[in-house]
Amino acid sequence: MQVLLWRYFAIFTVLVIAAVALVCFSVLGNAYSAQARDRISTIGTGLSVLIDGKTSQFTGEVSGEMGRYAFTDGVNVYLIDERGSADIYTGALPSDWTDIVGAMNSAVDGWTQGRAVVYGSSSMLNYVSCVTFNQSEHYLLVRYPMHVVNESVRTMQIYIVIIAAVAIVLSFVVSYMLAQRISRPIRNISDTATRMAKGDYSVQFASAEFEEIASLSESLNYAKDEIKKSDDFQRELLANVSHDLRTPLTMIKAYASMVREISGDDPAKREKHLQVIIDEADRLTGLVNDILNASKVSAGLSELNKKVFNLTEFIYGIMNKFDYLQETSGYKFFVDIDPDLYTVADEEKIYQVIYNLVSNAVNYTGADKCVYVSLKDCPQTSRIKFAVRDTGKGISDEEKQHIWDRYYRSKDAHARPVKGTGLGLNIVKIILQAHNFDFGVNSAKGEGSTFYVDFPEVSSTPAR
C-alpha cells in the first residue's frame, strides 16, 4: 500500500508540474513576443507622429528623438526615401541594406499615407509606417533585435526547467513521506489484527490523526473486547457445562449401580435411589433446554408474535408452577399483583422472561428462602412494573455490568448449589431488548436484588 500511494502521489505531482512547465514555456515566449511587438509599435507610432509633415529644418529634432529611442530601447531607426536611401538613421547602415529595403517594400506593398505594418522573424522585429518628410514620401523603419527577448525567454525557460526538476525531486520525497504517514497507522492496525488473530487479546489498536482510521481503530478495539469476552464466555461455558454435566452423570451412574447391586430388593431404598436418578436427569434436561433456548431466542427474535393478554392471570399461572418448591423445599413466595392488567407482547417469550427471573431469585435468595413477586399499575406513565426480589447477598456494582452476559454466573459462594448455565438472564435481556421494554436490577451487597421489567399498559379491548 505504501508503494502504491507513493507511486500515485509521485505520478500525479510529476504530471501537474510537467503541465505547468509546458504552459509556462508556451505562455512565456508568446508573452515576451507580444510585449516586444507592443513596444516597437509604441515607438514607431510616436516617431511617426513626430516626423509626419515635417521639413528638413526639423532634421536635428527628428534625429535626436530617433537617437534617444535607439539608446533607451536598443532599436535601430531609419527614415528612408522612395529610392531606398536612408536620409536619417541611427548607427551605420547594415551590409544587407538592399535586402532589408526589399523586405520592407514587400511588407508595405506600396506607399499609403498613414499606413503602418509590423513584420519580422524570430531574430528581428520590424515596424514600418508611411510618413511625409520634407514634402516627399518616406518610410519610417524601426528595427528591434529579438536576441535580447530570446535570451530572456531562454533564461526564464532554463529557470523553469530547473525549478520543475527540483519540484519533481521534492514531490518524490514529500509523496514518500506522505505515503508513509498515511500507511503507517494502517500497517499498525494490520500488525495488531494479526496478533489478535493469534489469540493475543491484550493488544490495543492505536488511534490516528485521520478521522476514518481513528474510527476504524475504535471499532476494532470494541470488536476485540467483544471477541475476548465471547472467548472468555466460551471457556467459562465449557468449564460450567463440563462440571454441570459431569456431576449429574456421575450421580446417575452411581445410583443406578446402587439400585442394581444394593437396593434392588428393598422397595424403600430403591424408590429413594430412583428418585435421585430422576432428579439428576431433570437437571440434565434443564441444562440442555437452557442452551437450546439461548440459541433459539438469538436466532428467532426477528419475528415477534405480539398480542394483547391479561398479564395478571399470566403471572399467577407462572407462579403456580413454583408451588412444588413450597411443598418440597420450604420456599416462601410472597405475591402482590394488581388485578386485570393487560399488556401487548409476545406471550410465549415473555413467559421465558418471567420464569427465568423467578428461577434466578429462587437460586440466589437468602437462607430464609423468601422470594417477593409484585405486579403494579403505574397509571401516570401507562406502564406496568413487574418486580421480583430475593433476600440473597446482593450484586456488586462491578458484577452488575456482567450479569446480563451470556454464560455469566456470580462467583460468590452460596449456601445452596446454583443450578443453570448462566444463560437465563441473557435470554431475558435478548427478549426484552427485542420488545424495547425497560428492564434492570437494583441491588447492593448484603441487601438482596430486585429485578424489574416495565410493560406497556393497554386496554383489554384495544381499538382495531
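Check the entry above for the structure.
Residues numbered from 1 in each chain as written. Predicted model: local features only at pLDDT ≥ 70, side-chain atom pairs only at ≥ 80, totals over all residues. Heavy atoms only, no water.

S.K.: Explanation requested: the sheet that holds strand β4 (residues 124-133) in the structure shown.
M.R.: Pairing between sheet strands relies on hydrogen bonds along the backbone, with the strands arranged either parallel or antiparallel. Taken in spatial order, the five strands of this open sheet run β2-β1-β5-β4-β3, and their pairing is antiparallel. The open sheet has two edge strands, β2 (86-89) and β3 (116-120), and neither has a second partner. Adjacent strand axes in the sheet meet at a mean angle of 20 degrees, parallel and antiparallel pairs treated alike. Inspection of the sheet shows strand β1 (residues 76-80) paired to strand β5 (residues 136-145) by five bridges, in the antiparallel sense. For Leu79, the partnering residue across the bridge sits in β5 and is Leu140. Helix-sheet contacts for helix α2 (residues 59-73) involve β1, β2, β4 and β5, and the interaxial angle to β2 is about 55 degrees. (Pairing = 2+ DSSP bridges. Helix = DSSP H or I, 4+ residues; strand = E, 2+ residues; numbered from the N terminus. Axes fitted to C-alpha atoms, helices over the stretch in contact; angles between N-to-C directions. Contact = heavy atoms within 4.5 Å.)

S.K.: Even after reading the chapter, I still don't get unusual backbone geometry, so can you show me in this structure?
M.R.: Glycine aside, negative phi is the norm for most residues, and most peptide bonds take the trans geometry. The residue Asp109 is not glycine, and still its phi comes out positive at about 55 degrees. Its place among the elements puts Asp109 in the loop between α3 (97-108) and β3. In this structure Asp109 comes out as exposed when scored by relative accessible area, which is 65%. For Asn436, which is not a glycine, the phi torsion comes out positive at approximately 60 degrees. As for its position among the elements, Asn436 is in the loop between α11 (424-435) and β11 (438-443). (Buried < 20%, exposed > 50% of the residue type's maximum accessible area, 1.4 Å probe, protein only.)

S.K.: Help me understand a nonpolar patch on the surface in this model?
M.R.: Taken together, the side chains of Met156, Ile158, Tyr159, Ile162, Ile163, Val166, Leu170 and Val174 define a hydrophobic patch exposed on the protein surface, amounting to about 760 Å² of accessible area. Topologically, Val174 is positioned in helix α4 (residues 147-197). (Patch = residues over 30% accessible without salt bridge, like charges linked within 9 Å, V, L, I, M, F, W, Y side chains within 5 Å. Areas by Shrake-Rupley, 256 points an atom, 1.4 Å probe, with all protein chains shown as cover. Salt bridge = Lys/Arg side-chain N within 4 Å of Asp/Glu carboxyl O.)

S.K.: For this particular structure, what's the right way to read the packing of helix α9 (residues 347-364) against α11?
M.R.: For any two helices packed against each other, one specifies the crossing angle of their axes together with the interaxial distance. One way to put it is that α9 packs onto α11 with a least axis distance of 9 Å and a crossing angle of 145 degrees. As for the relative orientation of α9 and α11, their crossing is left-handed in sense. Side by side, α9 and α11 meet where Lys349, Ile350, Gln352, Val353, Asn356, Leu357 and Asn360 of the first sit next to Gly424, Leu425, Ile427, Val428, Ile431, Leu432 and His435 of the second. (Left-handed = near helix turned anticlockwise from the far one by under 90°.)

S.K.: What's the story with the sheet that holds strand β9 (residues 370-378) in this structure? I'm lost.
M.R.: Taken in spatial order, the five strands of this open sheet run β7-β9-β10-β12-β11, and their pairing is mixed. A strand with exactly one partner marks an edge of an open sheet, and here the two such strands are β7 (332-337) and β11. With strand direction ignored, the average angle separating the axes of adjacent strands in the sheet is 15 degrees. Here eight bridges tie β9 to strand β10 (residues 383-390), and the two strands are oriented antiparallel to one another. Bridging across to β10, Cys378 finds its partner in Arg383.

S.K.: Help me out: how do you make sense of the packing of aromatic side chains in this one?
M.R.: What describes a pair of aromatic rings is the distance from one ring centre to the other and the angle between the planes of the rings. In total, this model carries 11 aromatic pairs according to the counting rule given. Geometrically, the ring pair formed by Phe314 and Tyr351 is edge-to-face, given 6.4 Å between the ring centres and 75 degrees between the ring planes. Of this pair, Phe314 sits in helix α7 (residues 311-320) while Tyr351 sits in helix α9; the two residues are 37 residues apart in sequence, bridging distant segments of the chain. The exposure class assigned to Phe314 is buried, which follows from its relative accessible area of 11%. Measuring from ring centre to ring centre gives 4.9 Å for Phe334 and Tyr372, while their planes differ by 15 degrees; the resulting arrangement is stacked. A residue pair is termed long-range when its members are at least 10 positions apart, and Phe334 in strand β7 and Tyr372 in strand β9 qualify at 38 residues. By relative accessible area, which is 27% here, Tyr372 ends up partly exposed. Taken together, Phe309, Phe314, Phe322, Tyr331, Phe333, Tyr351 and Tyr355 form an aromatic cluster joined through their ring pairs. The ring of Phe58 is capped by Lys54, whose NZ or CZ atom sits 5.9 Å from the centre of that ring. (Phe/Tyr/Trp six-rings, centres within 6.5 Å; stacked < 30°, edge-to-face > 60°. Lys NZ or Arg CZ within 6 Å of the ring centre and 35° of its normal.)

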